[in-house]
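So the chains spell out like this:
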Amino acid sequence: MPDVVLAASKGIDAFALNVGADSWELAQVANAYTAAAKFNANTTNRDTPFKLFFSFDMSSFPCSAASDAAALQKYIGTYANHTSTFKYAPPSGRSEVGQARMLVSTFAGEGCRFGKGSLNDAWASAVKATGLPAVWFIPSFFVDPATFPSLPVIDGAFHWNSAWPMGNYNISFAPDQSYISNLGNQSYMAGVSPWFFTHYGLNTFNKNWIYRMDDWTFAQRWEMLVQNRATVPLVQVATWNDYGESHYVGPIEGIQPMSQAWVNGFDHQGWLDLMKYYITAYKTGSYPSITKDRVFLWARLYPANATVPSDSVGKPSNWQWTQDYLWAVALLPAPANVTLSCGSSSQTTRAPAGLTKLKLPLSASCAVKAVVARNATSAVSFAPTGFNFSTRPTAYNFNAFVAASP
């Protein structure tokens, strides 16, 4: 239950349960529902209950035969009427408004046929068969969005890869707009993510690349979603605990998928309060007032062009897309001087009240520090333990070190 309590305190409304074919996942789903139900039973949480929904991982579930649909249908049938299941009805004014239904999503699934001749018939038989509880089906199919009108089985679409720029450029709203335009009046779920780095060798998952997360991508992305909130009814944060791809925002806990080498010591919870600021704006249409000086800091701890011959996995693909900077966001109730420093590299900016994005180049081994000052008096002096940039890495680790001032 601590994860539910923490997520709810930051404005998150639900967890997407990314479930696959492993037998142990049935018990973990039951545990998640128990935790949500316990949280929701507390009278103080009744006005803001925490919910759960399924995102079927179709890279795990088999889906070629008609009988393969039974595993998905079991989850739907078991939890459709659970009080902690997230049910969705689009906002008023949209043509598909109706009774709230259980939200069901996927990761992939565009190759599934469940014994049928087409993608549409396949998923109609799997999640909308006669006798099944009604669902609101918003999958993440990796298909050309121009095909959406030919898929009446879907009630919307989740764009997983909208969370990151897919090349050496800044993130934009163009991929979202492509989905929105092709969905018509159906529901669009956008993605947002703080980071991406995975480092598995040929003998494991064979995934070794980064996406470009420079230029405050997490903050930029949230600002786009706030600006376009009228056409983005749902946002999914990728992710709470996917350690293998380094985009976790929750605590580092439990069994990792062989990702300890680049995850341990790289806590990302410093992003949560910054995310809460944006979530409030996304939900209400207005950014919340700032009552306390806060500084949010993140960076890689090693130069992108450093070489590590002893790392048998090798340098991640796309490493050239990232630059060696400390990225920072300051939330200030009043104007102040904000100084970022790391060794001899230092920069002071006169920042106005509100949110200001800042950056500092990193080139030599050093310790990161941030100071917020007014009238020669420090309001914040923040030197996070362990936030040390080093020019001599012992492995290729492009994960972000994240810290937030108290």
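As the structure is a prediction and not an experimental result, all values here were calculated from the model.

Chemist: Tell me about the pattern of salt bridges, and please be specific about residues and values.
Modeler: Counted according to the given criterion, the structure contains 11 salt bridges. Between R212 and D215 there is a salt bridge, with its nearest N and O atoms 2.7 Å apart. Taken together, the salt bridges that share partners define one network made up of K10, D273 and R294.

Chemist: So what about the sheet that holds strand β19 (residues 401–404)? Which residues, and what values?
Modeler: Reading across from one edge, β15-β12-β11-β19 is the order of the 4 strands in this open sheet, with antiparallel pairing throughout. Every interior strand has two partners, whereas the edge strands, β15 (354–361) and β19, have only one. Averaged over neighbouring strand pairs, the angle between their axes works out to 15 degrees when direction is ignored. Of the strand pairs in this sheet, strand β12 (residues 325–332) and β15 are connected by 8 bridges, and their pairing is antiparallel. Pairing of V329 across the sheet is with K357, part of β15. Each of β11 (294–299), β12 and β15 is contacted by helix α8 (residues 272–284), which is oriented at about 115 degrees to β11, the strand it contacts most.

Chemist: An account of the pairing of strand β10 (residues 234–237) is requested, with residue identities and associated values reported.
Modeler: The side-chain alternation of β10 yields one buried face, formed by L234 and Q236, and one unburied face, formed by V235 and V237. When strand β7 (residues 187–192) meets β10, the two strands line up parallel, connected through 4 bridges. By the bridge assignment, M189 is partnered in β10 with L234.

So, how was this worked out
Residues numbered from 1 in each chain as written. Predicted model: local features only at pLDDT ≥ 70, side-chain atom pairs only at ≥ 80, totals over all residues. Heavy atoms only, no water. Salt bridge = Lys/Arg side-chain N within 4 Å of Asp/Glu carboxyl O. Pairing = 2+ DSSP bridges. Helix = DSSP H or I, 4+ residues; strand = E, 2+ residues; numbered from the N terminus. Axes fitted to C-alpha atoms, helices over the stretch in contact; angles between N-to-C directions. Contact = heavy atoms within 4.5 Å. Buried < 20%, exposed > 50% of the residue type's maximum accessible area, 1.4 Å probe, protein only.

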